[in-house]
Amino acid sequence: MTSSYSSLFESFQLKSGVELKNRFVMAPMTNCSSNEDGTVSSAELAYYARRCQGVSMVITANTYVTPNGKGFPGQFSGDSDAMIPSLRSLAQTIQAQGAKAVLQICHNGRHCPPSLVPNGDIVSASEVASNQDQVGGASPRALTEIEVEEIISAFGETTRRAIEAGCDGVEIHGANGYLIQQFFSPHTNLRNDKWGGSLEKRMAFPLAIVDEVKRVVVAHAREPFIVGYRFSPEEDTTPGITMVETFALVDALADKDLDYLHISLNDFRSLPRRGADESRTRVEWIQERINGRVPLIGVGSIRTADDARDALQLGLPLIAIGRELIIDPDWVQKVKENRLSEISTVISKQDQAKLVIPDPLWNLIRNRTGWFPVAEETASK
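Residues numbered from 1 in each chain as written. Predicted model: local features only at pLDDT ≥ 70, side-chain atom pairs only at ≥ 80, totals over all residues. Heavy atoms only, no water.

**Comments concerning the nonpolar core**
Point 1. In this structure, Phe24, Phe205, Tyr229 and Leu261 are the most contacted members of the largest nonpolar core, which totals 100 residues.
Point 2. Take this core: its biggest share by element is eight residues, from helix α6 (residues 204–220).
Point 3. Other than its neighbours up to four places away in sequence, Tyr229 contacts Glu171, Ile172, Gly174, Ile180, Pro206, Val210, Leu249, Leu253, Leu258, Tyr260, Leu261 and His262.
Point 4. Within the second largest apolar cluster, 15 residues are counted, among which are Leu14, Leu20, Val25 and Ala320. (Core = buried A, V, L, I, M, F, W, Y, C linked by side-chain atoms within 4.5 Å. Buried < 20%, exposed > 50% of the residue type's maximum accessible area, 1.4 Å probe, protein only. Helix = DSSP H or I, 4+ residues; strand = E, 2+ residues; numbered from the N terminus. Contact = heavy atoms within 4.5 Å.)

This is the structure:
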């Protein structure tokens, strides 16, 4: 390992006391490859086992906490105790490769297709703000106050299941337009009760979930247990989340004694749209606001060892990589061993078996032009 990258392989201790062996985290990535009943498939287990040896922590693909929170085919479930053995197999597979297993827990809200939820009943913070917000031609309905409380409890119950399954932690998925963000956003939260209206009321649902998850950890965890929170800093809609509103959310989250915050970005160098000037990146603005109260995981366009080092130099203590681990599962080890020239940067049609990629994910890769850099023979097929 060259000295220029040595800082990426220093250990890091989270607030809970869990120690990470280096600064690399496997980002949560949808793979659509679970069994129809929501259990983790053998293909998924093989997929995780192949690519989590080098990282210190794996944040899994998102796991729905209630039956009406399932957002896509092949998503795995944490909505009942029957799922505990499945989650245990996932945790053990990741841990056997030397990484911490963090279950990302989620409700997809208005992004749930009608065909995947009971009775086609799509729920959200509010009814749709426009026809563009419909999913599959169906309009989400607003959750009742009782249902809101039930979903908060469901996040806690899925956390309990993660603890009983032997996971090392959970990440609350408050990003990417899913239900938690739907409550925080002025675009999708048009409520006038205690769960909506003012900025403080729009923050009530995310913060209530954090409190419930933390309560469950205190009640059930017998060993240090990681709790993180993922957020998207801005929305491109008007009205929509701005950096000013995100600063308020980050302030509140940073005081919740979380192990980390995880910013969801396409590029860690990206600049703000609204609510902060372009003199600094979003990451730098968020880091200033956090002011050392909680570690921040950065993600987005970290493709090379130099990118990872640059992100660390911005003050990010932990670096999440995703697509690169699909293309080259040995990416982290190759950086550590200074084998940079051996890192694969494209996928070809012969690579599926070698890379241990389940069929549903492989089909997504092949069908989404521009999502992955592909070798010429794959692109022409």
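**Some words on the packing of aromatic side chains**
Point 1. Evaluation of the coordinates by the stated rule reveals six aromatic pairs.
Point 2. Connected via pairs of aromatic rings, a cluster forms that spans Phe9, Phe24 and Trp331.
Point 3. Here the basic side chain of Arg280 rests over the ring of Trp285, its NZ or CZ set 4.0 Å away from the ring centre. (Phe/Tyr/Trp six-rings, centres within 6.5 Å; stacked < 30°, edge-to-face > 60°. Lys NZ or Arg CZ within 6 Å of the ring centre and 35° of its normal.)

**With respect to the pairing of strand β6 (residues 100–106)**
Point 1. Of all seven residues making up β6, six are buried, and the element is well covered by its neighbours.
Point 2. In this sheet, β6 lies alongside strand β5 (residues 63–64) in parallel orientation, the contact comprising two bridges. Each residue of the ladder has a partner; that of Tyr64, found in β6, is Cys106.
Point 3. The sheet contact formed by β6 and strand β9 (residues 169–174) spans four bridges and is parallel. By the bridge assignment for β9, Gln104 is matched with Glu171. (Pairing = 2+ DSSP bridges.)

**Some details on the side chain of Thr63**
Point 1. Summarising the element assignment, Thr63 is placed in strand β5.
Point 2. A distance of 3.5 Å separates the side chain of Thr63 from the backbone oxygen of Ala61, its partner in a polar contact.
Point 3. Discounting chain neighbours no more than four positions away, the residues touching Thr63 are Gln75, Phe76, Ser77, Gly78, Leu103, Gln104, Ile105 and Cys106. (Polar contact = N/O pair within 3.5 Å; in protein donor to acceptor, adjacent residues only side chain to side chain.)

**Topic: the pattern of salt bridges**
Any two side chains of opposite charge can pair, given that their charged atoms come close.
Point 1. In total, this model carries 28 salt bridges according to the counting rule given.
Point 2. A salt bridge links Arg282 to Glu234, with the shortest nitrogen-to-oxygen separation between them at 2.7 Å. In this pair, Arg282 is assigned in helix α8 (residues 282–290) and Glu234 in the loop between β10 (226–231) and α7 (243–254), connecting sequence segments 48 residues apart.
Point 3. Measuring nitrogen to oxygen at the nearest pair gives 2.9 Å for the salt bridge that ties Glu288 to Arg280.
Point 4. In the salt-bridge network here, residues are joined through shared partners; they are Asp81, Glu157, Arg160, Arg161 and Glu164. (Salt bridge = Lys/Arg side-chain N within 4 Å of Asp/Glu carboxyl O.)

**Focus: helix α9 (residues 305–313)**
Point 1. Within the span of α9, buried status applies to Ala305, Asp307, Ala308, Ala311 and Leu312. Taken around the axis of α9, the buried residues stretch over an arc of 160°, which confines them to a single face.
Point 2. Structurally, α9 contributes buried residues whose contacts are with β3 (24–26), β13 (318–321) and α11 (331–336).
Point 3. Just downstream of α9 lies Gly315, where phi reads positive at about 105°. (Arc of directions from axis to C-beta.)

**Details of the packing of α7 against α8**
Point 1. Put simply, α7 and α8 touch, their axes get as near as 10 Å, and they point 40° apart. Relative to α8, the element α7 lies oblique. The hand of the α7/α8 crossing is right-handed. Listed contacts from α8 to Met243, Thr246, Phe247, Val250 and Asp251 of α7 are Arg282, Trp285, Ile286, Arg289 and Ile290. (Axes fitted to C-alpha atoms, helices over the stretch in contact; angles between N-to-C directions. Parallel < 35°, antiparallel > 145°, perpendicular 65-115°, else oblique. Left-handed = near helix turned anticlockwise from the far one by under 90°.)

**Some details on the side chain of Ser33**
Point 1. Looking at where Ser33 falls in the secondary structure, it is placed in the loop between β3 and α1 (42–51).
Point 2. Looking at Ser33, its side chain comes within polar contact range of the main-chain oxygen of Asn31, at 2.6 Å.
Point 3. When near neighbours in sequence (up to four residues on either side) are disregarded, Ser33 contacts Ser41, Glu44, Gly74, Pro358, Pro360 and Leu361.

In short, shape yes, function no, at least from these values alone.
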